[in-house]
Amino acid sequence: MAEHIPGARYVELPGVDHLPWAGDADALVGEIQEFLTGARAATEPDRLLATVLFTDIVGSTERAAVLGDRRWRELLEQHHVVVRRELNRFRGREIDTTGDGFLATFDGPARAVRCACAIGDSLNGLGISIRAGLHTGELEPMGDKVGGIAVHIGARVAAHAKTGEVLVSNTVKDLVAGSGLRFADRGLQVLKGVPGEWRLYAVEGR
């Protein structure tokens, strides 16, 4: 049939059914679109909007040297229990742990900020001080992990936080307007590897 239809091209697609909705519909539609228009639409990668939270124990190396391996490991286990309890309470999703720090995502920035504050308060009772950083942006799912510039920005924001401080990007501050959260302006900062200057804010009250 293809040989007798001017401009036609024979394409065989994998599958066991001719119904377009029963197999790989995207592949079929792509072939039809290319035949009719001469080009296929660029496929947008799956991305999701979320708030990323980075936490880190302040002075962990020095603390481990003072306590010794066994006592430090026990304290770290208690730290993990506390962080995971608060993530569960505020509906955060643990993405990764770096030994003495966590990366988590949230579908709501206000809950993410309050979770970071709750983690800090709870760990104070264990004699552990943390710093935390948050940013909201589009993330690229990578299996169980996430990637994208928003993750890098969140990490850089956390790196600017002082001991016991929860630091957020201007994006987070704008998104939580009306939530009752209060912030102190920490000024414009250069985030390593990220273009431009970013205004950062420390959480003052919730």
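Here the structure is a predicted model, which means the values were calculated and not measured.

### Topic: the pairing of strand β7 (residues 182–190)
Link 1 in the chain: One ladder, built from 7 bridges, connects β7 with strand β8 (residues 197–205); its direction is antiparallel. Residue pairing in the sheet places phenylalanine 183 in a bridge with valine 203 of β8.
Link 2 in the chain: Between β7 and the antiparallel strand that follows it, β8, lie 6 residues; glycine 193 among them carries a positive phi value of about 80°.

### A closer look at helix α4 (residues 109–124)
Link 1 in the chain: The first and last C-alpha atoms of α4 sit 23 Å apart over 16 residues, in line with the 22 Å expected at 1.5 Å per residue.
Link 2 in the chain: Every buried residue of α4 is accounted for by Pro109, Arg111, Ala112, Val113, Cys115, Ala116, Cys117, Ala118, Ile119, Gly120 and Leu123.

### Things to note about the packing of aromatic side chains
Link 1 in the chain: According to the stated counting rule, one finds 0 aromatic pairs in the structure shown.
Link 2 in the chain: In this structure, lysine 173 is placed above the aromatic ring of tyrosine 201, and the distance from its NZ or CZ to the ring centre is 4.9 Å.

### Regarding the side chain of threonine 51
Link 1 in the chain: Looking at the element boundaries, threonine 51 is found in strand β1 (residues 48–57).
Link 2 in the chain: Polar side-chain contacts of threonine 51 include one of 2.7 Å to the side chain of threonine 136.

### A few points about the side chain of histidine 135
Link 1 in the chain: The residue histidine 135 is located in strand β4 (residues 130–142) in this model.
Link 2 in the chain: A distance of 2.8 Å separates polar atoms of two side chains, one belonging to histidine 135 and the other to serine 169.
Link 3 in the chain: Leave out the neighbours within four places in its chain, and histidine 135 touches Ala50, Thr51, Val52, Ala150, Ile153, Gly154, Ser169, Thr171, Val172 and Trp198.

### Considerations on the pairing of strand β2 (residues 93–97)
Link 1 in the chain: Direction of pairing for β2 relative to strand β3 (residues 101–106): antiparallel, over a ladder of 4 bridges. Each residue of the ladder has a partner; that of arginine 93, found in β3, is threonine 105.
Link 2 in the chain: As consecutive antiparallel partners, β2 and β3 are separated by 3 residues, and within that stretch glycine 99 has a phi angle of approximately 90°, a positive value.

### Things to note about the environment of threonine 171
Link 1 in the chain: Position of threonine 171 relative to the elements: it lies in helix α6 (residues 170–175).
Link 2 in the chain: Classification of threonine 171 by relative accessible area gives partly exposed; the value is 28%.
Link 3 in the chain: On a C-alpha basis, the gap between threonine 171 and glycine 205 in space is 18 Å, while along the polypeptide they are 34 residues apart.
Link 4 in the chain: When neighbours within four sequence positions are excluded, threonine 171 is seen to be in contact with His135, Thr136 and Trp198.

### A short note on the pattern of salt bridges
Pairing of side chains with opposite charge becomes possible as their charged atoms draw close.
Link 1 in the chain: In the structure shown here, the tally under the stated rule is 10 salt bridges.
Link 2 in the chain: The shortest N-O distance in the salt bridge between arginine 84 and glutamate 94 comes to 2.8 Å. Separated by 10 residues along the polypeptide, arginine 84 in helix α3 (residues 69–89) and glutamate 94 in strand β2 bring together distant segments of the chain.
Link 3 in the chain: Overall, the relative accessible area of 38% leaves arginine 84 in the partly exposed class.
Link 4 in the chain: Among the residues examined, glutamate 94 registers a relative accessible area of 32% and is labelled partly exposed.
Link 5 in the chain: Bridged by salt links that share partners, the residues Arg85, Glu86 and Arg89 form one connected network.

### Side note on the packing of α3 against α4
Link 1 in the chain: Orientation of α3 relative to α4, taken along the N-to-C sense of each, is 150°, at an axis distance of 9 Å. The angle between the axes of α3 and α4 places the two elements in the roughly antiparallel class. The crossing of α3 and α4 is right-handed. Residues His79, Val82, Val83, Arg85, Glu86, Leu87 and Arg89 of α3 form the contact with α4, whose own contacting residues are Cys115, Ala118, Ile119, Ser122 and Leu123.
Link 2 in the chain: For the contact of α3 with α4, a count of residues per class yields 7 nonpolar, 2 polar and 3 charged.

Reading the values: the criteria
- Residues numbered from 1 in each chain as written.
- Predicted model: local features only at pLDDT ≥ 70, side-chain atom pairs only at ≥ 80, totals over all residues.
- Heavy atoms only, no water.
- Pairing = 2+ DSSP bridges.
- Helix = DSSP H or I, 4+ residues; strand = E, 2+ residues; numbered from the N terminus.
- Expected span 1.5 Å × (residues − 1).
- Buried < 20%, exposed > 50% of the residue type's maximum accessible area, 1.4 Å probe, protein only.
- Phe/Tyr/Trp six-rings, centres within 6.5 Å; stacked < 30°, edge-to-face > 60°.
- Lys NZ or Arg CZ within 6 Å of the ring centre and 35° of its normal.
- Polar contact = N/O pair within 3.5 Å; in protein donor to acceptor, adjacent residues only side chain to side chain.
- Contact = heavy atoms within 4.5 Å.
- Salt bridge = Lys/Arg side-chain N within 4 Å of Asp/Glu carboxyl O.
- Axes fitted to C-alpha atoms, helices over the stretch in contact; angles between N-to-C directions.
- Parallel < 35°, antiparallel > 145°, perpendicular 65-115°, else oblique.
- Left-handed = near helix turned anticlockwise from the far one by under 90°.
- Nonpolar A, V, L, I, M, F, W, Y, C, P; charged D, E, K, R; others polar.

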